Amino acid sequence: MNQQEMKEENKKKLFSEILSNPGISRIRLAKKCSYSKTTVSILVDELIKEGYVEDGGTAANAGHTQGRRPTSLFPNTRKYTVLIVNWDKKYVQLARADLATDVSCIKEISIAETEDPQIELFSCLEQYIRQECDGMYVLAVCWILPAMIDREHDCLISAVLEEKMTIHFFEHAEHRFPYIRHFYFNDTACLAYAEKVHGQTLNEDFVYINMNDGIGATFVLNGNLLGGPVGLTTQFGSFSLSSVRERDKKRCLENEIGEKGIRQRFIKIRQEYLENTDDIPEKLYFKDIGSLAAKGDMSAKKMLDEISRDMSYALGNLITILHVKRIVIGGSGRALGRVFLDCVKRDIQDIGFWQFIEDTEIKFSDLDYYAVLDGAVHYFLDQCFEFITLEEQEETG
């Protein structure tokens, strides 16, 4: 590492501490980072000049009674912004975040029915930049995608997005916005990172299960996303539920308990009970099954029981392979309710290595609808952020 690279690393460490401890003084910053006061002063002055940090005035509780009192340092929330685009099958969320990780100006648009969804998406993003980012410098755009992100083969692998949405996506995005840095994150990875930042995981190893149309999983080990944020480490939704003797059936977790496939399964259960199937809507959601089960509907209760057995089988095998302290289930699957979670905890006792099973807590995520946006911006600032010099800013406009 040369001298310039070392300087950039030192600046990153200082900036990271200011992000984590807004209002910190230079003196405390020097102690936490084990740098000299002179080094901290020089680098902080650079951060202020470049617009990344603001001097907020005298620190209120510095504990100094004599001499010059230290000043408090904060991330500058007015000059820079990070764009976040959360692309699902039916809608796109556009948002921006400042250097304090505050997400704002969230807009939700529908583009699924358009002839060329990529062009529509890029046009919407251009309009959003003009309306919401005027006078700010865009550090990056973070694309959140319900897909495995394979840059090596230049493709997105998704059970949710249609091919016309994904074909040559990286090339098209970077050609349309050449002046912005692009980062591509898997949606489950972003939710897992939000859980790491805000959830009650206590720095323990855990697995985040995203239960929606598909079934995704991200492993968080030693505070890091295993394999990074691209979703290529595991394809949990393709976990086989068939035995060797049933290979022709090709029953996989995603097809059996993903939200997109539960309607056909529910119809079969209704038919077993000789019940009417005409009132089953064209699109059946987890919340519908959860609501019916809570009202005592026998078919819905059997559906919950079957889904919980399949999920328990997959999770039990996962825990046997990877001993983690916590399984966090998020996504729309939470609408199946407490009964579903209790059934999973019950059924998993018969699967896998008992000691690992006993050690593992299984819970629903408590994070809200917008956690995926928060996870993306935290991951960017923690793992991807690079300083852009004033000269580089002038070149890119």
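For the structure, check the block above.
Counting restarts for each chain: residues are numbered from 1 in the order of the written sequence. Side-chain atom pairs in this predicted model are given and counted only at pLDDT of 80 or more, local residue features only at pLDDT of at least 70, and totals for whole chains, interfaces and linings cover all residues. Heavy atoms throughout the structure, all of them, feed into the side-chain values; hydrogens and water do not.

Description of the pairing of strand β6 (residues 103-109)
Every other side chain in a regular strand lies on the same face of the sheet, so the side chains alternate between the two faces. Two strands qualify as a pair provided DSSP detects at least 2 bridges between them. The numbering of helices and of strands both runs from the N terminus, where a helix is a DSSP run of H or I of at least 4 residues and a strand a run of E of at least 2. Here strand β5 (residues 92-97) runs beside β6; their pairing, made up of five bridges, is antiparallel. Each bridged residue has a counterpart across the sheet, and for Leu94 the counterpart in β6 is Lys107. Connecting β5 to the antiparallel partner β6 that follows it, the hairpin turn spans five residues, and Thr101 within it adopts a positive phi of roughly 70°.

Re the packing of helix α1 (residues 3-20) against helix α3 (residues 37-49)
In contact at an axis separation of 10 Å, α1 and α3 are set at 80° when each is read in the N-to-C sense. With respect to α3, the axis of α1 lies roughly perpendicular. Facing α1, whose interface residues are Lys7, Asn10, Lys11, Leu14 and Phe15, α3 presents Val40, Leu43, Glu46 and Leu47. Residue polarity is assigned by list, with Asp, Glu, Lys and Arg as charged and Ala, Val, Leu, Ile, Met, Phe, Trp, Tyr, Cys and Pro as nonpolar; anything else, Gly included, falls into the polar class. A breakdown of the residues in the contact of α1 with α3 according to their chemical character gives five nonpolar, one polar and three charged. Each axis is a line fitted through C-alpha atoms, and for a helix only the stretch in contact is used; angles between axes span 0 to 180 degrees, taken between their N-to-C directions. Oblique is the label for every angle not falling under 35 degrees (roughly parallel), over 145 degrees (roughly antiparallel), or within 65 to 115 degrees (roughly perpendicular). The contact criterion used is simple: two residues touch if any of their non-hydrogen atoms lie within 4.5 Å.

Quick notes on the pattern of salt bridges
A side-chain nitrogen of Lys or Arg and a carboxyl oxygen of Asp or Glu constitute a salt bridge if their distance falls within 4 Å. Counted under the stated rule, the structure contains 28 salt bridges. Note that Arg176 is salt-bridged to Glu126, the shortest N-O span being 3.1 Å. Taken together, the residues Arg176 in helix α6 (residues 169-176) and Glu126 in helix α4 (residues 117-132) connect sequence positions 50 residues apart. Residue Asp279 is joined to Arg270 by a salt bridge in which the shortest nitrogen-to-oxygen separation is 3.0 Å. The class of Asp279 is exposed, set by a relative accessible area of 51%. The buried label applies to any residue whose accessible area, calculated with a 1.4 Å probe on protein chains only, is under 20% of its type's maximum; exposed applies above 50%, and partly exposed to all values in between. A residue is classified by how much of its surface remains accessible, and Arg270, at 7% relative accessible area, is buried.

A few points about the sheet that holds strand β12 (residues 215-221)
Spatially, the five strands line up as an open sheet ordered β13-β12-β11-β14-β15, and their pairing is mixed. Strands at the two margins of the open sheet, each flanked by one partner only, are β13 (224-225) and β15 (361-364). Two elements, β12 and β13, share two bridges in a ladder whose sense is antiparallel. When the sheet's bridge partners are listed, Val220 is paired in β13 with Leu225. Across the sheet, helix α7 (residues 187-198) touches β11 (206-211), β12, β13, β14 (326-330) and β15, and the angle it forms with β11 is around 130°.

Here we look at the environment of Phe387
Tracing the backbone through its elements, the reader meets Phe387 in the loop between α14 (371-384) and α15 (390-396). Phe387 sits in the buried class, given a relative accessible area of 10%. Between the C-alpha atoms of Phe387 and Thr218, which are 169 residues apart in sequence, the distance is 29 Å.

Thoughts on the packing of α1 against helix α2 (residues 26-33)
Axis separation between α1 and α2 bottoms out at 10 Å; the angle between their running directions is 120°. As the angle between them shows, α1 and α2 are arranged oblique. As for the relative orientation of α1 and α2, their crossing is right-handed in sense. Along the contact surface, α1 presents Lys13, Leu14, Glu17 and Ile18, while α2 presents Leu29, Lys32 and Cys33. Looking at the contact of α1 with α2 residue by residue, the class counts come to four nonpolar, no polar and three charged. By convention, the crossing between two helices is left-handed when the near helix turns anticlockwise from the far helix through less than a right angle, and right-handed when the turn is clockwise.

What to know about the pairing of β5
Counting buried residues in β5 gives six out of six residues, a clear majority hidden from the surface. Here β5 shows a buried face lined by Val92, Leu94 and Arg96 and a second buried face lined by Gln93, Ala95 and Ala97. Strand direction decides the pairing type here: strand β4 (residues 80-87) and β5, joined by six bridges, are antiparallel. Bridging across to β5, Val85 finds its partner in Leu94. Taken together, β4 and the strand that follows it, β5, pair antiparallel across an intervening segment of four residues.

Here we look at the sheet that holds strand β10 (residues 181-186)
Across the sheet, which stays open at both edges, the five strands sit in the order β6-β5-β4-β7-β10 with mixed pairing between neighbours. Each edge of the sheet is formed by a strand with only one pairing partner; in this case those strands are β6 and β10. Along the sheet, successive strands turn relative to each other by an average axial angle of 20°, direction set aside. Packed onto the sheet, α4 meets β4, β5, β6 and β7 (137-145) and runs at close to 150° relative to β4.

Describing empty space enclosed by the protein
Grid points spaced at 1 Å over the protein atoms alone were grouped into cavities, where a 1.4 Å probe fits but cannot get out, and pockets, open sets with protein on both sides within 12 Å along at least five of seven lines, with lining residues defined by an atom within 4 Å of a point. Grid points are joined across faces, edges and corners, and a volume is the space filled by probe spheres set on the points. Under the defined criterion, the tally for this structure stands at one cavity of 30 Å³ or more. Of the pockets and cavities examined, the largest cavity occupies roughly 60 Å³. Taken together, Ala189, Ala217, Thr218, Phe219, Leu226, Gly228, Gly231, Leu232, Thr233 and Thr234 make up the lining of the largest cavity. With three residues, the single largest contributor to the lining of the largest cavity is β12. Counted by class, the lining of the largest cavity contains five nonpolar, five polar and no charged residues.

Some details on the state of the cysteines
When two cysteine sulfur atoms are found within 2.5 Å, that pair is recorded as a disulfide. Across all of its chains, the model carries zero disulfides by this definition. The structure places no disulfide on Cys155, whose sulfur is separated from the nearest cysteine sulfur, that of Cys190, by 18 Å. Classification of Cys155 by relative accessible area gives partly exposed; the value is 25%.

Coordinates in, geometry out; function isn't part of it.
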